[in-house]
Amino acid sequence: MAKNSIEVEIKVPNQTCYLGLIGRIAEEVAYAIDRYSGDRETLAYHLNLVLTEAAANAMKYAHEGDPEKSVHISINITDDVFCARVYDQGQGFDMNSLPSMDFEKLEDRGRGIFIMKSLMDCVSYKRLGDTNVLEISKKLK
Amino acid sequence: MVVGEKKGIVVVRIKEERLDAHISDDFKNELRRIYEGGKKNILVDMTDVRFIDSSGLGAFVTTLRTANSHKGMLKLAGLKPQVQALFDLTRLNLILRIFPTTVEALESDWEKAHGQEFN
């Protein structure tokens, strides 16, 4: 592992009761980063939020709430770049085909990906073999 | 959640720190039951909530629709800065009536103006 590199692997059952654990781990990762000149509390909140959103999407949509499945998250911070990958075994979907946020409409859903894209530098969703990978990354100031 | 009543307004204080996908459905259903039970006005006290995700936001959107369909009102109070920031980012601060404190929310106008749906 490179110096000043942090790697965290998380695997939890596909149940929403574990979202709090995922969020807390994400916050702790923010506080463990060696050199960060920005507002650490805000960074911690944002990492908590984007990983909660990503994991909840995997649980609800990709895995359809199946408690037998599990959610696997891989977090990596190297050279001032935060990167997280959330793996799911669902059908997958084309993120680019999602309609953009319509703030005029009172929709119950659809804010999760908007939130991730707003808080992160890059959000991508790809198929790798029989697994889908949501990758989110952000350059840390 | 702790449910009380002040000045004829149902005050729902969320005791959980996280209003996320794990509890948002129960929260939404509880508020819907209150409106369906005949109460018109609900104030959600968010003082103890330090985290909300898109499911939590969605629950408020659904509840606002429920309030409107019952010709009632829904207001929020006591949002922590990071929670408020998410309402601002998603522009729900323009749709939901949000107050700094429950005192200010309770003292605000709870009479529904004819035809007024949003802020």
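Residues numbered from 1 in each chain as written. Chains lettered and ligands numbered in written order. Predicted model: local features only at pLDDT ≥ 70, side-chain atom pairs only at ≥ 80, totals over all residues. Heavy atoms only, no water.

Draft legend 1. Spotlight on the environment of Thr 78 of chain A. Residues and elements named next belong to chain A. Within the secondary structure, Thr 78 sits in strand S2 (residues 70–78). Taking the C-alpha atoms as reference points, Thr 78 and Gly 38, 40 residues apart in sequence, are found 17 Å from one another. Polar contacts involving the side chain of Thr 78 include one to the side chain of Asn 76, which spans 2.7 Å. (Helix = DSSP H or I, 4+ residues; strand = E, 2+ residues; numbered from the N terminus. Polar contact = N/O pair within 3.5 Å; in protein donor to acceptor, adjacent residues only side chain to side chain.)

Draft legend 2. Spatial organisation of the sheet that holds strand S1 (residues 2–6) of chain B. Residues and elements named next belong to chain B. Strand order in the open sheet formed by 5 strands is S1-S2-S4-S6-S7, and the pairing between neighbours is mixed. Edge positions in the sheet fall to S1 and strand S7 (97–99), since each of these pairs with one other strand and no more. If you compare each strand with its neighbour and ignore which way they point, the axes differ by 25 degrees on average. Pairing of strand S6 (residues 73–77) with S7, which is carried by 3 bridges, proceeds in the parallel orientation. Bridge pairing links Leu 76 to Ile 98 in S7. (Pairing = 2+ DSSP bridges. Axes fitted to C-alpha atoms, helices over the stretch in contact; angles between N-to-C directions.)

Draft legend 3. Structural detail: helix H2 (residues 54–69) of chain B. Residue and element names in this part refer to chain B. The terminal C-alpha atoms of H2 lie 23 Å apart, and with 16 residues this matches the ideal 22 Å at 1.5 Å per residue to within 8%. Among the 16 residues that make up H2, 14 are buried, leaving the element largely enclosed by the rest of the structure. The residue sitting at the N-terminus of H2 and contributing the capping side-chain oxygen is Asp 53; that oxygen lies 3.0 Å from the backbone nitrogen of Ser 55. At the C-terminal side of H2, Lys 71 shows a positive phi close to 55 degrees. (Expected span 1.5 Å × (residues − 1). Buried < 20%, exposed > 50% of the residue type's maximum accessible area, 1.4 Å probe, protein only.)

Draft legend 4. Molecular detail of the interface of chain B and chain A. Taken residue by residue, the interface counts 25 residues in chain B and 25 residues in chain A. One can count 1 salt bridge joining chain B with chain A. As a salt-bridge pair, Glu 27 of chain A and Arg 50 of chain B come within 3.3 Å of each other at their nearest N and O atoms. Counting the contacts that link chain B with chain A gives 10 residue pairs in polar contact (both at pLDDT 80 or more). It is H2 of chain B that provides the largest number of residues to the side of chain B that touches chain A, a total of 8 residues. (Contact = heavy atoms within 4.5 Å. Salt bridge = Lys/Arg side-chain N within 4 Å of Asp/Glu carboxyl O.)

Draft legend 5. Quick peek at unusual backbone geometry. Backbone geometry at Asp 80 of chain A places phi at a positive 65 degrees, although glycine is not the residue there. Even without being glycine, Lys 71 of chain B reaches a positive phi, approximately 55 degrees. Residue placement: Lys 71 of chain B occurs in the loop between H2 and S6. With relative accessibility at 63%, the residue Lys 71 of chain B sits in the exposed group.

Draft legend 6. The packing of aromatic side chains, seen in detail. Taken as a whole and assessed by the stated rule, the structure comprises 3 aromatic pairs over all chains. Taken together, a centroid distance of 5.6 Å and an interplanar angle of 45 degrees make the contact between Tyr 45 of chain A and Phe 51 of chain B tilted. Within this pair, whereas Tyr 45 of chain A is found in helix H2 (residues 40–62), its partner Phe 51 of chain B is found in strand S5 (residues 51–52), the two belonging to separate chains. Note on Phe 51 of chain B: relative accessible area 0%, which makes it buried. Through a chain of ring-to-ring contacts, the aromatic side chains of Phe 27, Phe 60 and Phe 87 of chain B assemble into a single cluster. When the ring centre of Phe 51 of chain B is taken as reference, the NZ or CZ atom of Arg 18 of chain B above it lies at 4.0 Å. Of note, Lys 75 of chain B hangs over the ring of Trp 110 of chain B, and the distance from its end group to the ring centre comes to 4.4 Å. (Phe/Tyr/Trp six-rings, centres within 6.5 Å; stacked < 30°, edge-to-face > 60°. Lys NZ or Arg CZ within 6 Å of the ring centre and 35° of its normal.)

Draft legend 7. Region of interest: the pattern of salt bridges. Residue and element names in this part refer to chain B. Taken as a whole and judged by the stated rule, the model has 10 salt bridges over all chains. For Asp 45, the salt bridge goes to Arg 13, with nearest N and O atoms at 3.8 Å. Placement of Asp 45 in strand S4 (residues 41–45) and of Arg 13 in strand S2 (residues 9–13) is noted, with a sequence separation of 32 residues between them. Arg 13 gets classed as partly exposed once you look at its relative accessible area, which sits at 29%. Its salt-bridge partner being Arg 32, residue Glu 36 comes within 3.3 Å of it at the nearest N-O pair. On the criterion of helical spacing, the pair formed by Glu 36 and Arg 32 is a turn pair, its members being 4 residues apart in helix H1 (residues 24–36). Here Glu 36 falls in the partly exposed class, since its relative accessible area comes to 49%. Through salt bridges with shared partners, one network takes in Arg 13, Lys 15, Asp 45 and Asp 48.

This is a description of form; function is not addressed.
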